[in-house]
Amino acid sequence: MNIPVNEPLLTEADYASVMAALRSGWISGAGPHIEAFEARWANYCDRRHGIAVANGSVALQVAVSLLDLQPGDEVILPTFTIISCVLPILLADARPVLVDSDPQTWTMDVTQIESRITPRTRAIMAVHIYGHPVDMDPLLEIAERHNLQVVEDAAEAHGAEYRGRRAGSFGTSSCFSFYANKLVTTGEGGMLLVDDDRLAEHARSLRNLGFQPHRRFLHTELGFNFRLTNLQAALGLAQIERMDDIVARKRRIGQAYTERLSEMPGIELQVQQSWARSVYWMYGLVVREDTGIDAAEFANRLKQRGVETRPFFLGMHEQPVLRERGLFDGERYPVAERIARQGLYLPSGLALEEAQIDRVCEAVREALA
Ligand SMILES: Cc1ncc(COP(=O)(O)O)c(C=O)c1O
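Structure report, in brief. (Residues numbered from 1 in each chain as written. Predicted model: local features only at pLDDT ≥ 70, side-chain atom pairs only at ≥ 80, totals over all residues. Heavy atoms only, no water.)

**What about the sheet that holds strand S7 (residues 165–166)?**
Then comes step 1: A sheet is described by the order of its strands in space; here 3 strands give the open sequence S7-S6-S11, paired in antiparallel fashion. Each edge of the open sheet is held by one strand with a lone partner, namely S7 and strand S11 (276–277). (Pairing = 2+ DSSP bridges. Helix = DSSP H or I, 4+ residues; strand = E, 2+ residues; numbered from the N terminus.)

**Thoughts on helix H11 (residues 334–342)**
Given 3.6 residues per turn, any residue in an α-helix points the same way as the ones three and four places further on.
Then comes step 1: Considered for burial, the residues of H11 that qualify are Ala336, Glu337, Ile339, Ala340 and Gln342.
Then comes step 2: Where the residues of H11 are buried, they touch strand S12 (283–287), helix H9 (295–304) and strand S14 (343–346). (Buried < 20%, exposed > 50% of the residue type's maximum accessible area, 1.4 Å probe, protein only. Contact = heavy atoms within 4.5 Å.)

**With respect to unusual backbone geometry**
Then comes step 1: With a phi close to 60°, Asp93 is a non-glycine residue in the positive phi region.
Then comes step 2: Considering the arrangement of structural elements, one finds Asp93 in the loop between helix H4 (87–91) and strand S3 (95–99).
Then comes step 3: We note that Trp106 has phi near 65°; this positive angle belongs to a residue other than glycine.
Then comes step 4: Residue Trp106 is classed as buried on the basis of its relative accessible area of 1%.

**Let's talk about the nonpolar core**
One broad rule of soluble globular proteins: the nonpolar side chains tend to lie buried together.
Then comes step 1: Grouped together as the largest cluster of nonpolar side chains are 74 residues, with contacts concentrated most on Phe37, Trp41, Phe80, Met125, Tyr130 and Leu192.
Then comes step 2: For this core, the element with the most residues is helix H3 (residues 56–66), which contributes 7 residues.
Then comes step 3: When neighbours within four sequence positions are excluded, Trp41 is seen to be in contact with His158, Phe176, Phe178, Val184, Met191, Leu193, Ile240 and Met243.
Then comes step 4: Ala256, Ile267, Phe298 and Val364 belong to the second largest nonpolar core, which has 26 residues in total. (Core = buried A, V, L, I, M, F, W, Y, C linked by side-chain atoms within 4.5 Å.)

**Description of the packing of aromatic side chains**
Both the distance between ring centres and the angle between the ring planes are used here to describe each pair of aromatic rings.
Then comes step 1: Summed over all chains, the structure comprises 20 aromatic pairs.
Then comes step 2: A centroid spacing of 6.2 Å and a plane angle of 80° characterise the contact between Trp106 and Tyr130, whose relative ring orientation is edge-to-face. Remark: Tyr130 occurs in the loop between strand S4 (121–127) and helix H5 (136–145) and Trp106 occurs in the loop between S3 and S4; sequence separation between them is 24 residues. Of the two residues examined, Trp106 and Tyr130, each falls in the buried class.
Then comes step 3: Ring plane angle 80° and centroid distance 5.2 Å describe the contact between Phe211 and Phe217, whose orientation is recorded as edge-to-face.
Then comes step 4: The class for Phe217 is exposed, based on a relative accessible area of 61%.
Then comes step 5: Over the face of the ring belonging to Tyr44 we find Arg166, whose NZ or CZ atom lies 3.9 Å from the ring centre.
Then comes step 6: Its guanidinium or amino end placed over the ring of Phe217, Arg216 lies 5.8 Å from that ring's centre, counting from NZ or CZ. (Phe/Tyr/Trp six-rings, centres within 6.5 Å; stacked < 30°, edge-to-face > 60°. Lys NZ or Arg CZ within 6 Å of the ring centre and 35° of its normal.)

What follows is the structure in structure tokens.
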């Protein structure tokens, strides 16, 4: 039997919650489960407002819309991320400005941010990677000094902590994905969190076609239909109830991998920093070049041994669709380039059993030999 890279772990309580929502008749993008899901998730992440949306990518779209970027404005973000971070910047005719990754945490190298600031810089997008948070204090200090807004992409970091504070509690806004491989999943889904009342109201309007609370079908700006359904919210809500268990389970999986892999020659692991508590969303590794194999070859060898993997992100500066637009010409980000070629992640889903972790690590050892 192959070991899948992710398998969601749903419970009877999850099914019951969805059935209750279904029976209530609230089956579209309004209803009590949505409001409860928003309030509970905002509270879990120490935020005042939650705005549930259809997925994590559109949560980022709303977050960037709230920045009110003008053509030519710039947003600093890591090259090593998903394209969802760049799309809303381009749609605003603004410019994504990249920084490389930290070689230990694979999150953005915050020491590179300041040199990328220009008079057009408006915001920094901090992306927590594979469950490990960005080093937020220096990032926030730079943002404050240069009067920049901060968007936090915590899609992969539900429950992760930075110096005792939850991921998603920093910056002007934060974004989450509830895709099937996330710690909390609604199948497809996402959420934007903010503290400011007016930003929350604006985000709710943007999510719902630009409708105004006081007069439906009157529009003063262009919005989107990014609504999450009440059925999806019911699924997510039930999982927040057992969030501590979910995080603990994920950390046990992460620790089990670390114990088995940290001494293995030929690979590097994501190094959890003293200020971080990772949730090990996906357990990644980087194959050293001196093994003579790259991640694609390594993935093949693992597949032959029944272990599914996924490749790492390919940096935004290496994306043909972005380079064709004249972006990132001649720019090099050596850490991101290296981990993109040499990195992959192992089966990491909540349903993963210890015996499967043993099998995966044995396959890793054989594949490296
Ligand atoms: C860092 C990051 N941001 C944003 C997203 C987009 O989320 P979604 O797939 O829900 O659109 C993802 C997706 O997994 C992600 O990993």
